Each structure stands twice: as C-alpha cells, then as structure tokens.
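# Structural overview for review
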Amino acid sequence: MEAGTTTLTGRHDDSIWSLAWTTHGQLLSGSVDETVKVWSIPPLSPTSLSPSSPPSAPPSLTLAHTLGEHRLGVVSVAASGRTPGLAVSCSLDSTLRFWNTLNGEKEGLGDVKAGAGEAWTVAWSPTASLVASGTQRGCVNVWEVGGIEEGREGGVAVLPSTVAMTLKTQSGKTGGGGGGKGGRKEASAPFIFSVAFSPDGSKLACGGSDGLVYVFDVETGALIASLQGHTKPVRSLAFTPTGYALLSASDDQRVNVHELASSSSLPSSSTARPPSLVATYEGHASFVLSVAASPDGRHFASGGADRKVKLWDLAMRECVHTVERHGEAVWALAFEPDGRGEGGGGERRLASGGEDGTMLVFGVGAYIG
C-alpha cells in the first residue's frame, strides 16, 4: 500500500506497453494481448481499517470497454487533448486505429495502414489534430486527422488522412517522403522508439536507438536539436508541463533532463540558451523503460526493467520514493492530469503498467505533494 491510499489494480493477458489518461477521466492501456482497455477510475480514499477489521478483497479498476481489432500486440496508445473520448492506438500490425472511448467503438471511415515499420509509437498533439508515429528508418510520420465532427451524440467522427509531413532525423540518409514508403533504410538510421509533443504543440521530440534525442519545430518540420547524453536507446520521453525541459529514459539506466529554453523563473538578465543536458538521474539497476512528468512540474516518475517505479524531485535531484509492486519490468507510466477523473481532493495519482500484465493506480501525494 502506498502512502496510506487504496491502490487500484487491473490486468491484461499479456504485457502492458502503454498507458494514457483521457480528458474524460478514463485510463487507457495498450497490451501485447492485442487489445486496448478503457478503465473507469473510482476515487482513491485513505485506508482506515483497524487491526481488528476483517480483510477485504483488493479493489480494482472498472473495465468499461475492451477495444480488440488489432491483429498483433498494441505498442502505444494516445488520447486527444481537444476532443473528449477520442483516442488512437498503434500495433505491431503497423496500423493506426481511432476509437471512441466513451462508447467503445471504432471511429472514422477507415484505419491508417502505415506500412511495415512506419508506426511504432504514437503521440497526439495537445493543440492540433496531428498524430505522430515513430518509424524504423529514422523518421517520424506526422498524420493529420481531419473531419472531426464535434457535438454529435455518442462521440465524434474521424477521417484519418495521409501523412502531413515526414520529419527526418538525418537529412539525406533516410529517403522518401509523403509517408516514406519509398524510402531506403540506411544502416545509420535510428529506430525511433519514442515520440512526444511539447505542451504547446510547437515542438516534437523523438528518441532513437542511437541514444540521441531529436527535437523538431512542428510548423516548419525543421530539426532544432540533436541532444546527446545517452549511450543506448531512448525508450521514453516526457515534456514538463511548461515545456521548459524534456525528460528522456534510456537503456543506459539513466534519465536525462534537457533544457529547451531559458526558464521564466530565471533572473531577467538571463538570456536564452541553446538546448542542452542539465541533469542526469541514476538509481535503476537496469534499463529505464518509461518516464512521466508530474503535473506539478517539480517531480517525475521512472519505470525500469528492475521492476521498480521511482519518484524523483527535479530541484533536489534525488529519488524521494521507490515503489516495488510489479513482478516484472515496468514499461508504462502516466500521471493523472490535474483536475481530471473522479478522485479530486488534490491527491496525485500515478498509473504504471508492466511486463507481468498488471496495472496499478496509486496515490503519490505523500511523496511529491
């Protein structure tokens, strides 16, 4: 039990590789069992059982819908920040599927069949109808999702269109455009394991098998920076709520913090600095597979192949708590957005998903405020 709160549990039949909260207070989980599950989240309440109280069954999440049309394991899920109930999933079948999480039905007039290796992981822009997917050839495809019909009873209608742009990590070394199906994969092209939009939607970051973090300008498609600091693949990325910093988790057992702009909290005499590595956090005994930034902007969480979830204080640069509740590697983490869900009360909640198919939702307010 964490911090005197009730821990909620849920399960898949295989590994959980991705988690995402929706604007409607739901939690999405994508699994190697080929499904996306939509969970309703009850409030967390302090435990008040006396020693003489009879034991009760462990609480669990409420399964609202199972979305099961993928033919292979689900690698990634993402929820729209603009349209409640709209989500996307991608799978090892190289298909993007759009869902209405409120009624559990597939949305739109068709799936996006990206092509082999063209959709490994997905992220949804918080400010635009754009979905980004990493590829195996050193590129990020940005898909424009059009035809959103808001206000229709029962959800929204979505018509996925073609690739809006292809962002290349290495100009001239990865061929093809317009979806990149004609491109030739070069030996130097990194596998893109992770993608993330900045909170204002202006930047898109991706992490590669080469240990680099690439940052693009979304409007122009220009490569802003190639951030060094890792020696092995970058599995997960997360922007802090202001977009001031970018967190990267890697197989080198470290989480790096990259500064992307001068902070508004710095003295007025300070000038903007180019993107740079400002801190490294070490403490996991194996690969760091997932990272998530807390909505308070002062903490983050990391999950590793060592089966641990660690909570970190950004300013103090130290681990403030370690959760050891998973039986295998922790592939996915997601903080509940501020003011979302049914919990209320200011309690911060973190969801974690693991190789063992177990998902946990627990309060972390006692450790990160």
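Remember, it's a predicted structure, so these values are computed and weren't measured experimentally.

## A word on the overall build of the protein chain
Helix and strand counts for the protein chain come out as 1 helix and 29 strands. Here the protein chain holds 369 residues, and 53% of them are scored as buried. Split by element, the accessible area of the protein chain, about 15,100 Å² in all, is 49% carbon and sulfur.

## Thoughts on the confidence of the model for the protein chain
For the protein chain, mean pLDDT is 84; residues scoring 70 or higher make up 79% of the total. Between residues 47–51, whose pLDDT stays under 50, and residues either more than four places distant or in other chains, the model counts 5 contacts. A low-confidence stretch, residues 262–270 stays under pLDDT 50, and its non-local contacts, those more than four residues away or across chains, total 6 contacts.

## Considering the layout of surface pockets
The computed volume of the largest pocket comes to approximately 1,500 Å³. Lining the largest pocket are 49 residues, with Leu 19, Ala 20, Leu 237, Ala 238 and Leu 333 positioned closest to its centre. Elements with a minimum of two residues in the lining of the largest pocket: β2 (16–21), β6 (74–79), β11 (122–124), β15 (192–197), β19 (234–239), β23 (288–293) and β27 (330–335). Its residues assigned to classes, the lining of the largest pocket shows 33 nonpolar, 14 polar and 2 charged.

## A short note on the sheet that holds strand β21 (residues 254–259)
Pairing is antiparallel across the open sheet formed by 4 strands, whose spatial order is β19-β20-β21-β22. The sheet terminates laterally at β19 and β22 (276–282), the two strands that pair on one side only. Between one strand axis and the next, the sheet turns through 20 degrees on average, direction left out of account. Two elements, β19 and strand β20 (residues 245–250), share 5 bridges in a ladder whose sense is antiparallel. Each bridged residue has a counterpart across the sheet, and for Ser 236 the counterpart in β20 is Ala 249.

## Thoughts on unusual backbone geometry
Although it is not a glycine, Arg 307 adopts a positive phi angle of roughly 75 degrees. The topology assignment puts Arg 307 in the loop between β24 (299–304) and β25 (309–313). Under the relative-accessibility criterion, Arg 307 is labelled partly exposed at 45%. Positive phi, normally seen in glycine, also occurs at Arg 317, with a value near 55 degrees. As for its position among the elements, Arg 317 is in the loop between β25 and β26 (318–323).

## A short note on the pattern of salt bridges
Under the criterion given, the structure shown has 10 salt bridges. With a shortest N-O distance of 3.3 Å, Asp 93 and Arg 97 are connected by a salt bridge. The partner of Asp 111 in a salt bridge is Lys 106, with the nearest N and O atoms 3.4 Å apart. Residue Asp 111 is classed as partly exposed on the basis of its relative accessible area, which comes to 24%. One salt-bridge network, held together by shared partners, links Glu 69, Asp 93, Arg 97, Lys 106 and Asp 111.

## Some details on the pairing of β19
Where burial is concerned, most of β19 is hidden: 5 out of the 6 residues are buried. Counting the residues that bridge the hairpin from β19 to β20 gives 5 residues, and of these Gly 243 lies at a positive phi of roughly 80 degrees.

## Some points on the packing of aromatic side chains
The description of an aromatic ring pair uses the distance of the two centres, along with the angle that the planes make with each other. In total, this model carries 8 aromatic pairs according to the counting rule given. Note on Tyr 281 and Phe 300: the rings are 5.1 Å apart at their centroids and 85 degrees apart in plane angle, and the pair reads as edge-to-face. With Tyr 281 in strand β22 and Phe 300 in strand β24, this pair connects stretches of sequence that are 19 residues apart. Each member of the pair, Tyr 281 as well as Phe 300, is classed as buried. Plain terms: the ring middles of Tyr 281 and Trp 312 are 5.5 Å apart, the flat faces sit at 75 degrees to each other, and that makes the pair edge-to-face. Of this pair, Tyr 281 sits in strand β22 while Trp 312 sits in strand β25; the two residues are 31 residues apart in sequence, bridging distant segments of the chain. Judged on exposure class, the residue Tyr 281 and its partner Trp 312 are both buried. Positioned above the aromatic ring of Phe 193, the side-chain terminus of Arg 235 is 4.6 Å from the ring centre.

## Points about the pairing of β20
Looking along a regular strand, one sees side chains alternate from face to face of the sheet. Most of β20 sits out of view: 6 of its 6 residues are buried. Burial of the side chains of β20 extends over both faces: Ala 245, Leu 247 and Ala 249 are buried on one face and Leu 246, Ser 248 and Ser 250 on the other. Summarising the sheet, β20 and β21 pair through 5 bridges and their orientation is antiparallel. What sits directly across from Leu 246, in β21, is His 258. With antiparallel pairing between neighbouring strands as the criterion, β20 and β21 make up a hairpin whose turn holds 3 residues, including Gln 253 at a positive phi of roughly 75 degrees.

Analysis parameters
- Residues numbered from 1 in each chain as written.
- Predicted model: local features only at pLDDT ≥ 70, side-chain atom pairs only at ≥ 80, totals over all residues.
- Heavy atoms only, no water.
- Helix = DSSP H or I, 4+ residues; strand = E, 2+ residues; numbered from the N terminus.
- Buried < 20%, exposed > 50% of the residue type's maximum accessible area, 1.4 Å probe, protein only.
- Areas by Shrake-Rupley, 256 points an atom, 1.4 Å probe, with all protein chains shown as cover.
- pLDDT = per-residue confidence, 0-100.
- Contact = heavy atoms within 4.5 Å.
- 1 Å grid on protein atoms, 1.4 Å probe; cavity = no way out; pocket = protein on both sides within 12 Å on 5 of 7 lines; lining within 4 Å.
- Points joined across faces, edges and corners; volume = space filled by probe spheres on them.
- Nonpolar A, V, L, I, M, F, W, Y, C, P; charged D, E, K, R; others polar.
- Pairing = 2+ DSSP bridges.
- Axes fitted to C-alpha atoms, helices over the stretch in contact; angles between N-to-C directions.
- Salt bridge = Lys/Arg side-chain N within 4 Å of Asp/Glu carboxyl O.
- Phe/Tyr/Trp six-rings, centres within 6.5 Å; stacked < 30°, edge-to-face > 60°.
- Lys NZ or Arg CZ within 6 Å of the ring centre and 35° of its normal.

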